[in-house]
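# A closer look at the structure
Now for the letters of each chain:
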Amino acid sequence: MDITIELLNRGHIRADINHVVGGTVMGTANDSNPQTMMGESPVYNLVIEHPEATILWDTGSHPSAGDGYWPPELYAAFEHYDADEHELASDLATAGYDLAEIDAVVMSHLHLDHAGGLYEFAGTDVPIYVHEDELKYAYYSANTDAGSVAYVASDFDHDLNWEIVHQRSETHFEGIEFVHLPGHTPGLLGVQITVDGKTLIVAGDQAYVRDNYDQERPMSTGLLWSSSHWFESLQRLKDRERRHNATVVCGHDAGDVARLREGIGSE
Ligand SMILES: [Zn+2]
């Protein structure tokens with residue numbers, strides 16, 4: 001199976017490092033008021049070229065994120081300062097693709113830094129793969145005071161050709177497995193891809209950075225829908241990593257982005 005993966009740079013988000021790895025900066029008796037730090041996280045998408053389809057993994061933030069499209073408190077906490085320079089169509093063009101070449105989209109989840117480019121597919125018949133639990137929770141969250149604040153209805157409330165993933169694991173393209181990993185959100189999907197006999201697992205925001213994955217240190221509670229589900233999903237991922245001798249990449253890790261840029265099947 002000839003599958004290639006292209007990385008799309010979708011900009012950067014600045015946030016307090018305590019969001020990304022919960023409890024990174026903590027006071028002690030000797031240091032009762034420690035200074036926290038702002039960290040910078042890459043936002044990326046992938047174009048997976050499969051013999052049956054050219055598949056886009058996630059769609060980044062809406063280009064007007066900083067112009068009041070995102071709720072202002074949320075933008076202040078998670079500042080996607082260069083979103084306006086990263087429209088999906090232009091980032092695709094930088095990588096040599098036209099929007100019209102995308103045959104399918106797989107959504108890891110529908111948070112606002114992942115679903116902000118879906119409007120480009122409104123009114124088209126491009127299938128948008130999303131887990132059932134994610135779509136339900138996104139609508140519930142965006143339209144009530146309950147759930148999570150990280151969903152913006154105008155990101156996903158379009159005339160889209162949703163393809164709903166229902167199971168814990170589904171294969172819609174040979175060599176590409178969608179894996180349900182609840183925890184960060186109820187319907188997070190990981191993607192396991194076999195390229196040239198090597199296995200890549202795109203964990204998405206199951207782990208923002210390596211420390212979440214390697215040290216099993218979760219994100220802050222604000223970025224966890226359910227910590228018990230999160231720990232269970234982490235063990236399922238690690239089991240897959242062992243069984244397939246896989247490379248796992250995290251959702252917002254600069255080192256993993258560099259590894260993806262080097263090309264996962266080309267070492
Ligand atoms: Zn997220």
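Each remark here, short or long, concerns the structure printed above.
Residues numbered from 1 in each chain as written. Predicted model: local features only at pLDDT ≥ 70, side-chain atom pairs only at ≥ 80, totals over all residues. Heavy atoms only, no water.

### Examining the side chain of Thr-185
Within the fold, Thr-185 resides in the loop between strand S8 (176-180) and strand S9 (189-195). Relative accessible area serves as the criterion here: at 1%, Thr-185 is assigned to the buried category. A polar atom in the side chain of Thr-185 sits 2.7 Å from the side chain of Glu-134. Here the side chain of Thr-185 touches Leu-188 through a polar contact of 3.3 Å, landing on its backbone nitrogen. In contact with Thr-185, other than residues within four places in its own chain, are His-109, His-111, Glu-134, Tyr-151 and Trp-225. (Helix = DSSP H or I, 4+ residues; strand = E, 2+ residues; numbered from the N terminus. Buried < 20%, exposed > 50% of the residue type's maximum accessible area, 1.4 Å probe, protein only. Polar contact = N/O pair within 3.5 Å; in protein donor to acceptor, adjacent residues only side chain to side chain. Contact = heavy atoms within 4.5 Å.)

### Looking at the coordination of the zinc ion
Protein-derived coordination of the zinc ion comes from His-109 (NE2), His-111 (ND1), His-184 (NE2) and Asp-205 (OD), at a distance range of 2.1 to 2.7 Å. Around the zinc ion sit four donor atoms; with metal-centred angles ranging over 86 to 174 degrees, the donor geometry is irregular. The exposure class of His-111 is buried, given its relative accessible area of 6%. (Donors = N, O, S within 2.8 Å, 3.2 Å for Na, K, Ca; no water. Tetrahedral: all angles 85-135°; square planar, octahedral: opposite > 155°, others 65-115°.)

### As for the sheet that holds strand S5 (residues 127-131)
Read from one edge of the open sheet, six strands run S1-S2-S3-S4-S5-S6, paired in mixed fashion. Each end of this open sheet is capped by a strand with a single partner; those strands are strand S1 (4-16) and strand S6 (161-165). Across the sheet, the mean angle from the axis of one strand to that of its neighbour is 25 degrees, orientation sign disregarded. Of the pairings in the sheet, the one linking S1 to strand S2 (residues 38-50) comprises 11 bridges and is antiparallel in character. Its bridge partner lying in S2, Leu-8 is registered against Asn-45. Sitting on the sheet, helix H4 (residues 132-143) touches S5 and S6, and the angle it makes with S5 is about 85 degrees. (Pairing = 2+ DSSP bridges. Axes fitted to C-alpha atoms, helices over the stretch in contact; angles between N-to-C directions.)

### A word on the environment of Gly-255
Inspection of the secondary structure assignment puts Gly-255 in helix H8 (residues 254-262). Sequence separation of Gly-255 and Tyr-129 is 126 residues, and the distance between their C-alpha atoms is 27 Å.

### Re the packing of aromatic side chains
Scanning the entire structure with this criterion turns up eight aromatic pairs. For the pair Trp-70 and Tyr-75, a centre-to-centre distance of 6.0 Å together with 70 degrees between the ring planes defines the contact as edge-to-face. Judged by its relative accessible area of 1%, Trp-70 falls in the buried class. On the basis of relative accessible area, Tyr-75 is assigned to the buried category, the value being 16%. (Phe/Tyr/Trp six-rings, centres within 6.5 Å; stacked < 30°, edge-to-face > 60°.)

### Here we look at the layout of surface pockets
If you add up the space inside the largest pocket, you get close to 370 Å³. Together, 25 residues line the largest pocket, and Phe-78, Ala-150, Tyr-208, Gly-222 and Leu-223 are the ones closest to its centre. Taken together, the elements giving at least two residues each to the lining of the largest pocket come down to S1 and helix H1 (17-20). The class makeup of the residues in the lining of the largest pocket is 15 nonpolar, nine polar and one charged. (1 Å grid on protein atoms, 1.4 Å probe; cavity = no way out; pocket = protein on both sides within 12 Å on 5 of 7 lines; lining within 4 Å. Points joined across faces, edges and corners; volume = space filled by probe spheres on them. Nonpolar A, V, L, I, M, F, W, Y, C, P; charged D, E, K, R; others polar.)

### Let's talk about the sheet that holds strand S11 (residues 247-250)
Read across the open sheet, the five strands follow the order S7-S8-S9-S10-S11; overall the sheet is mixed. Edge positions in the sheet fall to strand S7 (169-173) and S11, since each of these pairs with one other strand and no more. Across the sheet, the mean angle from the axis of one strand to that of its neighbour is 25 degrees, orientation sign disregarded. Where strand S10 (residues 198-204) and S11 come together, four bridges link them in parallel fashion. Within the sheet, the bridge partner assigned to Leu-200 lies in S11 and is Thr-247.

### Quick word on the environment of Thr-221
With respect to the helices and strands, Thr-221 occurs in the loop between helix H6 (210-214) and helix H7 (227-244). Look at Thr-221 and you get exposed, because its relative accessible area is 71%. Note: C-alpha distance between Thr-221 and Ala-104 (117 residues apart in sequence) is 32 Å.

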